[in-house]
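# A look at the structure
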Amino acid sequence: MTALAGSGASTSAEHIALADAHAAHNYSPLPVVVAQAEGAWVNDVEGRRYLDCLAGYSAVNFGHRHPELVAAAKAQLDRVTLVSRAFHSDQLGPFVTELAALAGKDKVLPMNTGAEAVESGIKIARKWAYDVKGVRPDTANVVVAGGNFHGRTISIVSFSDDPSARTGFGPYTPGFRRVPYGDLAALEAAVDDSTAAVLLEPVQGEAGVIVPPPAYLPGVRAVCDRAGALLIADEVQSGLGRTGRTFACEHFGVVPDVYLLGKALGGGILPVSAVVADDDVLGVLHPGEHGSTFGGNPLASAVGLAVVRLLATGYYQERAAALGARLRGRLDALLGRGVVGVRSLGLWAGVDVDPALASGKEVCLRLAERGVLAKDTHGSTIRLAPPIVVEPADLDRAVDALAGVLDDLSRAPTQ
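Every chain is numbered on its own, with residues counted from 1 as its sequence reads. Where totals are concerned, whole chains, interfaces and linings use all residues; where local detail is concerned, this predicted model gives features only for residues with pLDDT of at least 70, and gives and counts side-chain atom pairs only at 80 or more. Remark: hydrogens and water are excluded; side-chain values derive from all non-hydrogen atoms of the structure.

One way to put it is that helix α13 (residues 360-369) packs onto helix α14 (residues 392-411) with a least axis distance of 9 Å and a crossing angle of 120°. Overall, the two elements α13 and α14 adopt an arrangement that is oblique. Taken as a pair, α13 and α14 cross one another with a handedness that is right-handed. Every residue of α14 that contacts α13 at V363, R366 and L367 is listed here: A401, L402, V405, D408 and L409. Following the grouping adopted for this structure description, the nonpolar residues are Ala, Val, Leu, Ile, Met, Phe, Trp, Tyr, Cys and Pro, the charged ones are Asp, Glu, Lys and Arg, and the polar ones are all others, Gly among them. Looking at the contact of α13 with α14, its residues break down into six nonpolar, no polar and two charged. To define axes, lines are fitted to C-alpha atoms, for helices over the stretch in contact only, and angles between the resulting N-to-C directions are given on a 0 to 180 degree scale. The way it works is that DSSP assigns letters per residue, a run of H or I at least four long becomes a helix, a run of E at least two long becomes a strand, and they are numbered from the N terminus. Each angle gets one of four labels, with under 35 degrees taken as roughly parallel, over 145 as roughly antiparallel, 65 to 115 as roughly perpendicular, and the rest as oblique. Helix crossings fall into two classes, left-handed where the near helix is turned counterclockwise from the far one by less than a right angle and right-handed where it is turned clockwise. Residue contacts are defined here by distance: any two heavy atoms, one from each residue, within 4.5 Å place the two residues in contact.

Here is the structure:
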């Protein structure tokens, strides 16, 4: 047992030492220990203040401790938090009704995490293929895209092409076909009579905010229609206001058969996810075939309902679109100043830093020193996704900090 185990940690170094000693090392976080947060800002245990430009990978779209969401959670905490789905609760019906309406669908399957929503979507697609499409038992396939990130469960890593997520976890779950993202011809060639669904992120987040060509998603929709396959949109990161629309699919004029939702659906308070589809899809599930003790619990439903009502106003979508345009303009001005590529949709950007200057992690460490929190991915790419409530001046502050880091790196002597 370490000297700190069982003692009261107070400094960042002590908290990090405790976590390193007793938490599994499945993450490599920046050395910032958050103790308090509000809106787009967080404070560490020493009281240093940081602008949060990750927003919990879009789980905190509405800001830390949004007053309406916190009020909904507190009110429900004083009533009932969990009954399991063995009984009804007075929060579930309103939540699924209003979420279904927001998505323009009939039904909702409430779950907890984004990965659970994806796994549930895959199960539903297979059951639909056998019960509705008439695919021969145990032969259904699901077509996915290269560069995907849908979670890290065994089935999901089975169709990942990320070595860090996949290597060492075999044997892998069969039934998936992976094709390059954005390559419509390859996708069409992979779809056949046994295809249950095509599962895609409308915008690939972990890959570096990869926005597809304008004709890609409409083309995928057409392929699915011709093949009688479901189009499943993983909007766990891209959905619920982040891109300037309720769903990223709206930018491309596409309505999927199934939405997979999570992250922001819990308001940054607790895990809430959902599969949303019409009755002819979700209707294939019968009692006992799928479930979750915590899925749709009263506390989650109360918070999720408050989130849906925020989105129903349209305010956050409009704000993300306006701030996203501002962010993109500022980032484009950094091209040639250490930035070699920018991709964005709404208030969500992937910034490719010249790898000759620094890795993405080095840039994020230097940003943290300047009071801005961001996260790297795939080498020299960093992602910016501040809460939608961020003030315009603070958004400018984040880009100014990035410009300062790049200027420092450019001036540093070569090793």
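The rest of the description comes next.
The next point concerns the sheet that holds strand β6 (residues 176-179). A pair of strands is considered paired only if DSSP assigns at least 2 bridges between the two. Read from one edge to the other, the open sheet built from seven strands follows the order β4-β10-β9-β8-β7-β5-β6, with strand pairing classed as mixed. Looking at which strands have only one partner, the edges of the open sheet turn out to be β4 (107-111) and β6. The average angle at which neighbouring strand axes cross in this sheet is 20°, direction not considered. Inspection of the sheet shows strand β5 (residues 141-145) paired to β6 by four bridges, in the parallel sense. Note on β6: the bridge partner recorded for A145 is V179. This element, helix α5 (residues 114-133), spans β4, β6, β7 (195-200), β8 (230-234), β9 (258-261) and β10 (273-277) of the sheet and lies at about 155° to β7. Against the sheet, helix α9 (residues 216-227) touches β7 and β8, its axis set at about 170° to β7.

So, on to α5. Across its 20 residues, α5 extends 26 Å between first and last C-alpha, which sits within 8% of the 28 Å expected from 1.5 Å per residue. Among all positions in α5, only G114, A115, A117, V118, S120, G121, I122, I124, A125, W128 and A129 are buried. Once α5 finishes, G134 follows within two positions and takes phi at roughly 85°, a positive value. Expected span of a helix, by definition, is 1.5 Å for each gap between consecutive residues, and there is one gap fewer than residues. Exposure categories follow from relative accessible area, calculated using a 1.4 Å probe and restricted to protein chains: below 20% of the type maximum is buried, above 50% is exposed, and the middle band is partly exposed.

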